[in-house]
Amino acid sequence: MPALTSQRALPVASLVYAAALWGVIWYPYRLLDEAGVGGVASGVFSYALPLALMGWLHLRGLRAARGHWLWLSALGLAAGWTNLAYVLGVLEGEVVRVLLLFYLSPLWTVLFARFLLHEKLNRAGWAVMALAAGGALTMLWRPGEWPLPANRAEWLGLSAGVMFALSNVIARHLDGVAEGAKAVAVWCGVVVLGVVGLALRPADLDFASTAPVAVWALLLAVGALIGSMTYAVQYGLARVPANQAIVIFLFELVVAAVAAYFLSDERMDLQEWLGAAMIITASLFSGHMEDAQVQETRDG
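Below or above, wherever it landed, is the structure these notes cover. A quick note: this is a predicted structure, and the numbers were derived from the prediction, not measured.

What counts and what doesn't
- Residues numbered from 1 in each chain as written.
- Predicted model: local features only at pLDDT ≥ 70, side-chain atom pairs only at ≥ 80, totals over all residues.
- Heavy atoms only, no water.
- Axes fitted to C-alpha atoms, helices over the stretch in contact; angles between N-to-C directions.
- Helix = DSSP H or I, 4+ residues; strand = E, 2+ residues; numbered from the N terminus.
- Left-handed = near helix turned anticlockwise from the far one by under 90°.
- Contact = heavy atoms within 4.5 Å.
- Buried < 20%, exposed > 50% of the residue type's maximum accessible area, 1.4 Å probe, protein only.
- Salt bridge = Lys/Arg side-chain N within 4 Å of Asp/Glu carboxyl O.
- Phe/Tyr/Trp six-rings, centres within 6.5 Å; stacked < 30°, edge-to-face > 60°.
- Core = buried A, V, L, I, M, F, W, Y, C linked by side-chain atoms within 4.5 Å.
- Parallel < 35°, antiparallel > 145°, perpendicular 65-115°, else oblique.
- Nonpolar A, V, L, I, M, F, W, Y, C, P; charged D, E, K, R; others polar.

## Points about the packing of helix H6 (residues 95–102) against helix H9 (residues 152–173)
Thinking step 1. Running from N to C, H6 and H9 point in directions that differ by 35°, and their axes come no closer than 7 Å. The interaxial crossing formed by H6 with H9 has right-handed handedness. Residues Arg-97, Val-98, Leu-101 and Phe-102 of H6 pack against Ala-153, Glu-154, Gly-157, Leu-158, Ala-160, Gly-161 and Phe-164 of H9.

## Section: the side chain of His-58
Thinking step 1. Looking at the secondary structure, you find His-58 in the loop between helix H3 (39–54) and helix H4 (59–64).
Thinking step 2. By relative accessible area, His-58 is classed as buried at 17%.
Thinking step 3. When residues no more than four places from it in sequence are discounted, the contact partners of His-58 are Gly-180, Ala-181, Val-184 and Tyr-231.

## Here's the deal with the pattern of salt bridges
Thinking step 1. Following the criterion strictly, the structure yields four salt bridges and no others.
Thinking step 2. In this structure, the salt-bridge partner of Glu-154 is Arg-97, at a minimum N-O distance of 2.7 Å. Residue Glu-154 is located in helix H9, and its partner Arg-97 is located in helix H6; the two are separated by 57 residues in the primary sequence. Summarising the burial analysis for this pair, Glu-154 and Arg-97 share the class buried.
Thinking step 3. Salt-bridge contacts for Arg-239 lead to Glu-179; the nearest nitrogen and oxygen are separated by 2.9 Å. Note that Arg-239 is positioned in the loop between helix H11 (213–237) and helix H12 (242–249) and Glu-179 in helix H10 (residues 179–200), a separation of 60 residues in sequence.

## Here's the deal with the packing of aromatic side chains
Thinking step 1. Counted according to the given criterion, the structure contains eight aromatic pairs.
Thinking step 2. Aromatic side chains Phe-207 and Trp-216 sit 5.7 Å apart centroid to centroid with 35° between the ring planes, which places their arrangement in the tilted category.
Thinking step 3. Look at Trp-216 and you get partly exposed, because its relative accessible area is 29%.
Thinking step 4. Members of the aromatic cluster, each reached through a chain of ring pairs, are Trp-22, Tyr-86, Phe-102 and Phe-164.

## Comments concerning the side chain of Ser-167
Thinking step 1. Inspection of the secondary structure puts Ser-167 in helix H9.
Thinking step 2. The contacts of Ser-167, once residues within four sequence positions are left out, are Leu-75, Ala-78, Ala-79 and Thr-82.

## Here we look at the nonpolar core
Thinking step 1. Counting residues in hydrophobic clusters, the biggest one holds 77 residues, and the most contacted among them are Ile-25, Tyr-29, Tyr-47, Leu-75, Tyr-86, Met-229 and Phe-249.
Thinking step 2. Considering each element in turn, this core owes the most residues, 11 residues, to helix H5 (residues 69–92).
Thinking step 3. Contact partners of Ile-25, with chain neighbours within four places excluded, come to Tyr-86, Val-222, Leu-225 and Ile-226.

## Comments concerning the packing of H5 against H9
Thinking step 1. Two elements in contact, H5 and H9, have axes whose closest approach is 7 Å; the angle formed by their N-to-C orientations is 150°. Viewed along their axes, H5 and H9 adopt a mutual orientation that is roughly antiparallel. In the packing of H5 onto H9, the handedness of the crossing is left-handed. Where H5 approaches H9, its residues Trp-71, Ala-74, Leu-75, Ala-78, Ala-79, Trp-81, Thr-82, Ala-85, Tyr-86, Leu-88, Gly-89 and Glu-92 are matched on the opposing element by Arg-152, Ala-153, Leu-156, Ser-159, Ala-160, Met-163, Phe-164, Leu-166, Ser-167, Ile-170, Ala-171 and His-173.
Thinking step 2. When grouped by side-chain class, the residues that make up the contact of H5 with H9 number 17 nonpolar, five polar and two charged.

Shape descriptors only; they carry no functional weight alone.
Have a look at this one:
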């Protein structure tokens, strides 16, 4: 038992580290935005850095995974949209509301796991879906209006959560593929989608000719953090079930709520707290789905 605990401790710690970092990374992105570096441009540069510095270290792993390149491409695109939509969402909207919509991901994890991992939708799965959906309806409901995201930032947060769930399930589907190969896929996905965005809005690159050294230093620091976080996520997801990983990632909400309180003076009303409690409960409940599924398989 002690050996099992020590084997699980490092993957869990890796996911906690990544969640904590995601809870505060929005702030340097906001600083970059205030300095004239838009969300797409900062996303491209901060993910291109680890790709350029460390991508070549994983060429062997990429060659070994050549039979899985289609799934690696899907992972890259899903993770690419997750990261870019997250950055743009927290730049434009209220951090905690965007994150709560992001953390509807257990709802999508249940569905993606059903179709990609062939996991049976048991009673725990239905409960997770009902709680997550109910929490979203509670948080978004306004008299006389449809309970939908109120602005582009919230839609971005919602779509980022969908793609986050998909990328987690794909990462689990790619069991046996080296974490380095998955990390390279994630970096490439962000860079590719970001380059497409910059091609549509080339003016976003105007900062490059006038940006002071401090801005470039901040971009480099964010890139280094992003690189370490990507490794941490892929290492943890390879060793922790996807539904349990969602629970660990909830630590991001705690960090983000505290950071938003002190750094941007954001507050939530009672209705938003009720919806948040339901979404968080759904995520906590999702951590028991695998155990319940295993038990149902045994009973069957």
